[in-house]
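# Reading the structure
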Amino acid sequence: LPQTVSHLETLERLSAQIAQDIVTRDANPLPEDEFSAEVGGKIHRGKAGVRTEAGAAINAAAKALRGKAGRVDIGKFRGFVITGRGFEMLDAVDIGLQGSSFYTVTMNEELPAGTVGSMESVLRLLETRRKENTEAIAANRKRISDIEEQLRKPFEHEKQLADLLVEQARLTDLLDLNRNDAHA
């Protein structure tokens with residue numbers, strides 16, 4: 001039960017974070033038919049080719065973290081911080097968007113616009129993520145309720161257990177199992 005309650009608290013905290021991130025995303029809309037992101041201090045804004053340019057800059061900043069430990073801010077997108085994380089012992093990096101919660105982004109090295117597409121998809125799917133989280137919260141609450149109901153029920157073998165404990169005590173006395181071996 002404690003694990004289930006702890007998991008529920010984690011889900012509720014995540015739900016609040018996702019709700020805040022939806023507010024952040026909606027407060028930072030993209031210009032009509034344009035893309036805009038800041039990467040490494042440079043603003044990438046416009047229509048044709050800008051997603052590819054920004055994606056290439058994000059990928060390059062992330063790749064520079066290979067073999068290094070730690071998370072580094074790469075830029076900003078719609079109110080979220082674009083972060084990259086390197087792993088000291090691995091030749092790997094990951095990219096994410098940091099708001100109230102952290103969202104992993106797929107880095108597409110062959111098609112840099114795909115990295116940007118992944119960022120856009122992560123933000124577009126926040127409502128879906130929140131809905132799934134809300135469903136998990138409801139399922140967890142039901143599980144807690146079911147467990148609590150089971151705990152309130154009397155132990156169905158209580159009488160049999162009490163009888164067996166009486167028999168165990170009688171046998172212990174009969175066999176003198178409670179004697180102190182030092183006096184034997």
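For the structure itself, consult the block above.
Notes on the structure follow. In this text the structure is predicted, and so the values were computed from the model without any measurement. (Residues numbered from 1 in each chain as written. Predicted model: local features only at pLDDT ≥ 70, side-chain atom pairs only at ≥ 80, totals over all residues. Heavy atoms only, no water.)

## Some points on the sheet that holds strand β5 (residues 93–98)
Which entries qualify depends on this criterion: Here, any two strands with at least 2 DSSP bridges between them count as paired. Secondary structure is summarised from DSSP: a helix means a run of H or I of at least four residues, a strand means a run of E of at least two, and numbering begins at the N terminus for each. A fitted line through C-alpha atoms represents every axis, and for helices the fit uses only the stretch in contact; the resulting angles, taken between N-to-C directions, go from 0 to 180 degrees. Should any heavy atoms of two residues lie within 4.5 Å, those residues are counted as being in contact.
Across the sheet, six strands lie side by side as β2-β1-β3-β4-β5-β6; this open sheet has antiparallel pairing. One side of each edge strand has no neighbouring strand; the edge strands of this open sheet are β2 (42–46) and β6 (102–105). In this sheet, neighbouring strand axes are inclined to one another by 30 degrees on average, regardless of whether the strands run parallel or antiparallel. Two strands pair when backbone bridges link them, and β5 and β6 are joined in this way by four bridges, in the antiparallel orientation. Residue G96 lies in a different strand from β6, and its bridge partner there is T104. Along the sheet, helix α3 (residues 112–124) contacts β1 (35–39), β3 (70–77), β4 (80–86), β5 and β6; its crossing angle with β6, the most-contacted strand, is approximately 145 degrees.

## So, the pairing of β5
On a regular strand, one side chain projects to one face of the sheet and the next to the other, so that they alternate. Just so we agree on the cut-off: Only protein chains enter the calculation, and the probe is 1.4 Å; a residue is then buried if its accessible area is under 20% of its type maximum, exposed if over 50%, and partly exposed in between.
Of all six residues in β5, five are buried; the element is thus mostly enclosed. Bridging between β4 and β5 involves six bridges; their strand directions are antiparallel. When the sheet's bridge partners are listed, I82 is paired in β5 with L97. With antiparallel pairing between neighbouring strands as the criterion, β4 and β5 make up a hairpin whose turn holds six residues. The loop that links β5 with its antiparallel partner β6 comprises three residues.

## Details of the pairing of β1
When you tally the buried positions in β1, you get four out of five residues, the bulk of the element. Both β1 and β2 contribute to a ladder of five bridges, which runs antiparallel. The residue bridging F35 from the neighbouring strand is G46, located in β2. The antiparallel hairpin formed by β1 and β2 contains two residues in its connecting segment, where G40 sits at a positive phi of about 60 degrees. As defined by bridge partners, β1 adjoins β3 across two bridges and the pair is classed as antiparallel. Within β3, the position partnered with E38 by the bridge is K76.

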